[in-house]
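# Analysis of the macromolecular model
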Amino acid sequence: MSKAPLVSKLISLPEAARRVPNGARLALGGFAVYQKPMAFVRELIRQNRRGLTVIGSANSFDVDMLAGAGCLSRVETSYVGLEKHGLARNFRRAVEGGRLKVVDYPEMACWDRFRANQDNFDFWPAKFLGGNDVVTYNDEIKTFPCPITGRTLHAFPAANPDVVVIHAIAADEQGNVVIPARRLLPQSGDVLMGRSCEHVIVTAEKIVPKSFIKRHARFVELPSYRISAVVEVPWGSHPTPTLGRYLSDDGHLDSYVEASATDTAFAAYLDEWVRRPADHFAYLDKLGSAQLSRLTDLGSLA
Amino acid sequence: MSKAPLVSKLISLPEAARRVPNGARLALGGFAVYQKPMAFVRELIRQNRRGLTVIGSANSFDVDMLAGAGCLSRVETSYVGLEKHGLARNFRRAVEGGRLKVVDYPEMACWDRFRANQDNFDFWPAKFLGGNDVVTYNDEIKTFPCPITGRTLHAFPAANPDVVVIHAIAADEQGNVVIPARRLLPQSGDVLMGRSCEHVIVTAEKIVPKSFIKRHARFVELPSYRISAVVEVPWGSHPTPTLGRYLSDDGHLDSYVEASATDTAFAAYLDEWVRRPADHFAYLDKLGSAQLSRLTDLGSLA
Amino acid sequence: MTAPATLNETLAVVLARSFADGEVGFTGLLTGAAAALFGTGIPLAAMELAKRLHAPNLTILLAGCYHNPDFSEIDRLPDSEHSAMLRDLPCEAQMVDYPGQFVLKRGDVSFGFSSAVQVDRVGNINSVCVGPHDRPKVRLVGPILQPEHMTLFRREYVMMPHHDRRNFVQKVDYVSGVGYPGGLEGRKKLGLDWGGPCLVVTPKCIFDFDREAGLMKVRSIHRGVTRQDLQDATGFDLGDLSAVPETEHPSESELEILRHHVDPRGVLMPAL
Amino acid sequence: MTAPATLNETLAVVLARSFADGEVGFTGLLTGAAAALFGTGIPLAAMELAKRLHAPNLTILLAGCYHNPDFSEIDRLPDSEHSAMLRDLPCEAQMVDYPGQFVLKRGDVSFGFSSAVQVDRVGNINSVCVGPHDRPKVRLVGPILQPEHMTLFRREYVMMPHHDRRNFVQKVDYVSGVGYPGGLEGRKKLGLDWGGPCLVVTPKCIFDFDREAGLMKVRSIHRGVTRQDLQDATGFDLGDLSAVPETEHPSESELEILRHHVDPRGVLMPAL
């Protein structure tokens, strides 16, 4: 007897973005300038989302673009910058203009905050925050005595995302997500985030059949029951890279950075690259096949 | 200019065992009946070690053999049994005779205790211990209010091993340890233990050159600076398996289990298999090449 | 005509009917014929059956680690949890680390199966010791994952391969898995957010719980077992059993699927 | 005769001499010519030099993750931390998870290198903001890993590519990495077990610390920099500099190894 059909969690990018309401606490996967769910970010901007809090470990174009589009009210992370591309200028202007509140956390404390949710704790202990102004400006960080030694420790709050969005190479319609063998730190951060929340959305380069999942069972680090929705979005982290698929589009990022110099220029960038293209494929067509092809990363053939 | 020679951490099995003093808190790698550092255990018995505390996640022949040889005074773990081979009878007699104290912890709490040491915490929080007698009989478990929510939580103490001993497939003389790609839970427990303590001893099936390490850089999960000493011990987990090298020696384990029925019979087993063989290679010769060859696990050729 | 259901088949069907679609079910890998059958084989058959009926999206966690394994090419159940055989068994995901794919403390596991040496009236279970803890009459294996099964899983099936007075006791000698002391309110006072035993399955009957009162009660008695047999084999008073029905029977189609599709070669539920 | 040491070479040698054998040294992967040179290139050259001299067992953690990478086949330093290039760079271990190979909170990292926009008299550093935190004059990138560098690493080298009054201030606007407020005793009162800055390296001088008093002081002034230049470029009083020596010079053999073995192609320390 053949089994009944499995539930498909495959939805469209606009549908997926609608699952992030105004004011949500949104955790975005990737790390710094690597493998950010940028197509999802652009869709949030298209939908004119407002009042978001972004929680991350290290952020870049994701937060900068959302800040430049006025979607954000708060960011909780360790870093917002563009690495070799310089400072995140939309973010800077929003913070300096008092339109965006930043809650600063140490880099590994950002990971620990998701580890807290993974362990279903409301806090994570720390011994290394004494004297640091991350405590001064954050009244959600408390002190408490170690229950074993009595020593005074800090407790910082769990990340508590309402929704987690990560970008991966492959998933099936049920939401089994494959992380490639040759992964690096950003992919591990995605796995951690995907284990910290009950509402996890995955944008995937490719929707694969179950046979592919079974062949990569060792690498299915986020199984179906962890995932709420899957969206097929090839080139979904562009212009940031997806390890094993494509490199950073430095040319496009240069034009982004140039546009981010002023609100006016950035509004024009958003019109051109986010609002005017009918959808993600129109965005890709605008980039053109030559540019996309040049970015290919072969990953490992072993 | 060629670099100066690197420090070798390679020592003999007797030397390595001497680094575990009487009364030490000793964490033994492997999990349940899998990949236990049994050659190291036998050497401790040869050296007549006394008063050890063994800390583990799930234990089997390691603790049972040490109990049968009178080396133990305390065990902190979730399980001491032989899975399909039945109960750990030396352990049982020692506990029932009042010669061995057991501090019981839930299985994943045992892992969490090492995670606590990995995070350099003295405790780990828990929400699930209410009503469980693991708390009743353990005054090292404390209650405390969650510093964020005020909810009452339990805190159990970190594992605090003085020495960690694990058995791995491959390491170089500097102590870079390779964990094979196709690993399972026991190998991850070894990695965790190896990151929880400043005195980690690795017995390895094979000492490999640096070129092997570099070829497997992705799998060097315990690097040189984490490791105090390395011992080359082929078949070092026998009669328990080493994933990717050899299977469980069920025939030998049956004779072990039979011998463990009485103190007298087990003393004879220890004489025959532990004390009388001049060293580990005499033990292997006694097993014989036919028996060892039959146990081979090819691992993955991919 | 179809042969009548065996006890194993009946239990597999009762369990299967209780699983909802999309749930995650966790088995250990018990050893010893009776324990392996009750703790691993029947639960696996029940989950495979449910997947073919109303719960195609159920996830099986074999030995707590191997997601939806493919049993079609093996001749007997594995008897070692983390061995080369399980490494090589085809599946959809392998949990090789902790914390791993299922997030234990967030309640990702919908239900689990455990076994114990003692169960008591409120559903506490014990696998640590018989007699006093510091000088036990019998030292058992330890709490293993029972504390987690009975609190962090959303519900628990306690699978008891033997039903004797020594197993079903007024009060366990050691609580290694918490039932309903003080009922649901009692669990709340202990700080437990969810979980606890839902059924206790034995060769004689199936127990469920008055969760408010925190008391185990007989839900059904297996065909061929008398009420007197059952009370005699139980170390506490079962009360008035006169209204307790016989354990529900499998339907023809459930039996057909179980026998011809779920376990045609007797791999999951071998005849003992 | 050997050409005299450049400033970069001098700094690499000063640093190399301060590393002990067996230590673990952590660099980030800074970008921008001057920052990359000070924060990444010079530290890597220093560690590679030390490995060829007195510290063969030193472990280099490039970008905090890649253990003892092999630079022999690359033409320029990577400028992206977690890119395909670093994935494919030969090394002895890759840290791809947290917690990972080096156990951050147990103090596995012997020393690290960080950079900052502001440093103050007690060695606090700042990369978060200039002006008030809630409405900054300049918002910077954030604390990144500075809190950990300055407390969990055993010691820290603060590498400042620019030495101006705006960088060397009486008091940083935001403490994102803790120096010695109140001296060693002050750190202890803050609950910090070890760590803190050991040297602050700039294009003009090298600072070290009176750790008891918790004050940064000039250890040496680079050749060609006058005491007046140095004071003028610093936003706090450096005190009497008359007894401060010139920065120590590399030996012939150190320079020879640096130039011909460590960085013969100018990959680590390109001429700017």
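Please read these numbers as outputs of a predicted model, since none were measured by experiment. In this convention, every chain numbers its residues from 1, walking through the sequence in written order. Naming scheme: in the order in which they are written, chains are lettered from A and ligands are numbered from 1. Given that the model is predicted, a residue must reach a pLDDT of at least 70 before its local features are reported, and side-chain atom pairs must reach 80 or more before they are shown or counted; all residues, however, enter totals for whole chains, interfaces and linings. As a rule here, side-chain values cover all heavy atoms of the structure and leave hydrogens and water aside.

Helix numbers and strand numbers start at the N terminus; a helix is a DSSP run of H or I with at least 4 residues, a strand a run of E with at least 2. For chain A, the helix and strand inventory stands at 12 helices and 12 strands. Since a compact globule built from 302 residues should have a radius of gyration of about 19 Å, the 19 Å found for chain A is in line with a globular shape. Projected onto its principal axes, the C-alpha coordinates of chain A cover approximately 60 × 60 × 35 Å. A total of 302 residues make up chain A; the buried ones form 66% of that total. Sequence-distant contacts, at least 24 apart, represent 76% of the contacts inside chain A between residues at least 6 apart. In this charge count, Lys and Arg are treated as positive and Asp and Glu as negative; neither His nor the chain ends contribute. Positions of charges follow a simple convention, taking NZ of Lys, CZ of Arg, CG of Asp or CD of Glu. Placing the 36 positive and 33 negative side-chain charges of chain A at their respective mean positions leaves the two points 4 Å apart. A radius of gyration in this sense is built from C-alpha atoms; the matching globule rule multiplies 2.2 Å by the number of residues raised to 0.38. With a 1.4 Å probe rolled over the protein chains alone, any residue whose accessible area is under 20% of its type maximum counts as buried; one over 50% counts as exposed, and the rest are partly exposed. Two residues qualify as a contact provided that any one of their heavy atoms is within 4.5 Å of a heavy atom in the partner residue.

Turning our eyes to something else, we now look at the overall build of chain C. If you tally the helices and strands in chain C, you get seven helices and 14 strands. Its C-alpha atoms give chain C a radius of gyration of 18 Å, near enough to 19 Å, the size a compact globule of 272 residues would have. The dimensions of chain C, computed from C-alpha atoms along their principal axes, are 50 × 45 × 35 Å. Taking all contacts inside chain C whose residues are at least 6 apart in sequence as the whole, residues at least 24 apart take part in 69%. The method behind every accessible area is Shrake-Rupley, applied with a 1.4 Å probe, and residues are considered shielded solely by the protein chains displayed. For chain C, the computed accessible surface area is about 9,600 Å², with 53% contributed by carbon and sulfur atoms. Here chain C contributes 27 positively and 34 negatively charged side chains, and the mean placements of these two sets differ by 5 Å.

Next up on the list: the packing of aromatic side chains. For Phe, Tyr and Trp, rings pair up if their centres lie within 6.5 Å, where Trp contributes its six-membered ring, and each pair is then called stacked (planes under 30 degrees apart), edge-to-face (over 60) or tilted (otherwise). Applying the stated rule across the entire model yields 52 aromatic pairs over all chains. The interplanar angle of 65° and the centroid separation of 6.3 Å between the aromatic rings of Trp 124 of chain A and Phe 121 of chain B together place this pair among those described as edge-to-face. In this pair, Trp 124 of chain A sits in strand S5 (residues 123-126) while Phe 121 of chain B sits in the loop between helix H5 (107-118) and strand S5 (123-126), so the two residues belong to two different chains. Residue Trp 124 of chain A is classed as buried on the basis of its relative accessible area of 1%. Phe 121 of chain B gets classed as buried once you look at its relative accessible area, which sits at 5%. Clustering of aromatic rings is evident, with ring pairs tying together Phe 61, Tyr 256, Phe 266, Tyr 269, Trp 273 and Tyr 283 of chain A. Only Lys NZ and Arg CZ are tested; either one counts as a charge over a ring when it is within 6 Å of the ring centre and within 35 degrees of the ring normal. Against the face of Tyr 105 of chain A rests Arg 113 of chain A, its NZ or CZ located 4.0 Å from the ring centre.

Residues and elements named next belong to chain D. Only strands that DSSP links by at least two bridges are regarded as paired with each other. Read from one edge of the open sheet, three strands run S7-S6-S11, paired in mixed fashion. With one partner strand each, in any of the chains shown, strand S7 (125-126) and strand S11 (168-169) form the two edges of the open sheet. In terms of strand pairing, strand S6 (residues 118-120) meets S7 through two bridges, oriented antiparallel. Counterpart to Gln 118 in the pairing with S7 is Asn 126.

Turning our attention to the side chain of Arg 226 of chain B. Turning to its location among the elements, Arg 226 of chain B is positioned in the loop between strand S11 (220-222) and strand S12 (229-232). For Arg 226 of chain B, a relative accessible area of 2% translates into the label buried. Pairs of N or O atoms within 3.5 Å make up the polar contacts considered here, provided that, within protein, one atom can donate a hydrogen while the other can accept it, and that residues adjacent in sequence are counted only when both atoms are side-chain atoms. A polar contact of 2.8 Å, which involves the side chain of Arg 226 of chain B, links it to the backbone oxygen of Gly 194 of chain B. The contact partners of Arg 226 of chain B, leaving out residues within four places of it in the chain, are Gly 194, Arg 195, Ser 196, Cys 197, Glu 198 and Val 200 of chain B together with Gln 101, Val 103, Arg 106 and Asp 108 of chain D.

Strand pairing in a sheet takes place through backbone hydrogen bonds and is either antiparallel or parallel in direction. As summarised here, the arrangement of the three strands in space is S7-S6-S11 (chain C), forming an open sheet in which the pairing is mixed. Strand pairing shows two members of the sheet lacking a second neighbour, strand S7 (125-126) and strand S11 (168-169) of chain C, which therefore form its edges.

You can see His 85 of chain B is positioned in the loop between strand S3 (72-77) and helix H4 (89-96). Of the polar contacts made by the side chain of His 85 of chain B, one reaches the side chain of Asp 250 of chain B; its length is 3.3 Å.

Cis geometry marks the peptide bond from Tyr 98 of chain C to Pro 99 of chain C, where omega comes out at -10°. Mapped onto the elements, Pro 99 of chain C comes out in the loop between strand S4 (93-94) and strand S5 (111-114). Backbone geometry places Ala 63 of chain D, a non-glycine residue, at a positive phi of 55°. Of note, Ala 63 of chain D is situated in the loop between strand S2 (59-62) and strand S3 (66-67).

Residues and elements named next belong to chain D. Note that Phe 19 resides in the loop between helix H1 (7-17) and strand S1 (24-26). Since its relative accessible area comes to 2%, Phe 19 is described here as buried. Distance in space between the C-alpha atoms of Phe 19 and His 54 is 8.6 Å, their sequence separation being 35 residues. Among all residues touching Phe 19, those that are not within four sequence positions of it are Ala 46, Met 47, Ala 50, His 54, Leu 58, Phe 111, Phe 113, Arg 155 and Tyr 157.

If you look at the interface, chain D gives 45 residues, while chain A gives 46 residues. Interface area, chain D with chain A, both sides summed: about 4,000 Å², of which 57% is carbon and sulfur. When a carboxyl oxygen of Asp or Glu lies within 4 Å of a side-chain nitrogen of Lys or Arg, that pair is called a salt bridge. If you look at where chain D meets chain A, you find six salt bridges. Here Arg 151 of chain A ties to Asp 193 of chain D by a salt bridge, and the two come within 3.1 Å at their closest N and O atoms. Here the quantity called buried area is the accessible surface, traced with a 1.4 Å probe, that two parts lose on coming together, added over both.

At the interface, 46 residues of chain B touch 45 residues of chain C. Surface buried jointly by chain B and chain C totals about 4,000 Å² across both partners, of which 57% is contributed by carbon and sulfur atoms. Summed over the shared surface of chain B and chain C, the result is six salt bridges. Between the two partners, chain B and chain C, sit 24 residue pairs in polar contact (both at pLDDT 80 or more). Looking at the side of chain B that touches chain C, the elements with two or more residues in it are H4, strand S4 (101-104), H5, helix H6 (133-136) and helix H7 (185-194) of chain B. Of all the elements, H5 of chain B adds the most residues to the side of chain B that touches chain C, at six residues. Three residue categories are used. Nonpolar comprises Ala, Val, Leu, Ile, Met, Phe, Trp, Tyr, Cys and Pro, charged comprises Asp, Glu, Lys and Arg, and polar comprises the others, including Gly. When the residues that make up the side of chain B that touches chain C are grouped by side-chain class, the tally is 22 nonpolar, 10 polar and 14 charged.

Looking now at the environment of Gly 68 of chain A. Residue and element names in this part refer to chain A. Counting through the fold element by element, Gly 68 comes out in helix H3 (residues 61-68). On a C-alpha basis, the gap between Gly 68 and Phe 144 in space is 39 Å, while along the polypeptide they are 76 residues apart. Among all residues touching Gly 68, those that are not within four sequence positions of it are Asn 90, Phe 266 and Leu 270.

Let us now look at the UniProt feature "transmembrane region" (unreviewed entry) in chain C. UniProt positions are given in the numbering used here, feature names are shortened, and annotations may be inferred rather than shown by experiment. When the UniProt feature table is mapped to this numbering, "transmembrane region" (unreviewed entry) covers residues 24-46 of chain C. From the first C-alpha to the last, residues 24-46 of chain C spans 13 Å; its make-up is 61% helix and 13% strand.

Once that is clear, we can look at the nonpolar core. Grouped together as the largest cluster of nonpolar side chains are 320 residues, with contacts concentrated most on Met 65 of chain A, Met 65 of chain B, Leu 15 and Phe 19 of chain C together with Phe 19 of chain D. When residues no more than four places from it in sequence are discounted, the contact partners of Met 65 of chain A are Met 38, Val 41, Arg 42, Ile 45, Tyr 256, Phe 266, Tyr 269, Leu 270 and Val 274 of chain A. Nine residue types can take part in a nonpolar core, namely buried Ala, Val, Leu, Ile, Met, Phe, Trp, Tyr and Cys, and a core is a set of them joined through side-chain atoms within 4.5 Å.

Once that is clear, we can look at the packing of helix H9 (residues 250-259) of chain A against helix H10 (residues 263-275) of chain A. Packed helix pairs are specified by the crossing angle of their axes together with the interaxial distance, meaning the distance between the axes. Residues and elements named next belong to chain A. Lines are fitted to the C-alpha atoms to define the axes, a helix being fitted only along its stretch in contact, and any angle between axes, read from their N-to-C directions, falls within 0 to 180 degrees. Taken N-terminus to C-terminus, the directions of H9 and H10 make an angle of 140°; their axes are 7 Å apart at the nearest point. In terms of axis orientation, H9 runs oblique to H10. Taking contact as the criterion, the partners of His 252, Tyr 256 and Ala 259 in H9 are, on H10, Ala 265, Phe 266, Tyr 269 and Trp 273. Looking at the contact of H9 with H10 residue by residue, the class counts come to six nonpolar, one polar and no charged. Convention used here: angles under 35 degrees read as roughly parallel, angles over 145 as roughly antiparallel, angles from 65 to 115 as roughly perpendicular, and any remaining angle as oblique.

All names here are of chain B. Look at helix H2 (residues 38-46) against helix H3 (residues 61-68): their axes get within 10 Å of each other, and the N-to-C directions meet at 10°. Relative to H3, the element H2 is oriented roughly parallel. Contacts from Met 38, Val 41, Arg 42, Leu 44 and Ile 45 of H2 reach H3 at Phe 61, Asp 62, Met 65 and Leu 66. Among the residues making up the contact of H2 with H3, the classes are represented as seven nonpolar, no polar and two charged.

A separate point is the pairing of strand S10 (residues 200-207) of chain B. When a strand is regular, its side chains alternate between the sheet's two faces. All names here are of chain B. Summarising burial for S10: seven of the eight residues are buried, a large majority. As defined by bridge partners, S10 adjoins S12 across four bridges and the pair is classed as parallel. The residue of S12 that forms the bridge with Thr 203 is Val 231.

Here we take up H3 of chain A. Count 3.6 residues to each turn of an α-helix, and residues three or four apart come out pointing the same way. Residue and element names in this part refer to chain A. Summarising burial for H3: seven of the eight residues are buried, a large majority. Taken residue by residue, H3 has Phe 61, Asp 62, Val 63, Asp 64, Met 65, Leu 66 and Ala 67 as its buried positions. Positioned one or two residues after H3, Gly 70 has a phi angle of 75°, which is positive.

Once that is clear, we can look at the pattern of salt bridges. One pass over the full model with this rule turns up 74 salt bridges over all chains. Note that Arg 87 of chain D is salt-bridged to Asp 297 of chain A, the shortest N-O span being 2.9 Å. On the criterion of chain membership, the pair formed by Arg 87 of chain D in helix H3 (residues 84-88) and Asp 297 of chain A in the segment after helix H12 (289-294) is interchain, its members lying in two chains. Asp 297 of chain A carries the same exposure label as Arg 87 of chain D, and that label is buried. Linked by salt bridges that have partners in common, Arg 25, Arg 74, Glu 76, Arg 113 and Glu 140 of chain A make up one network.

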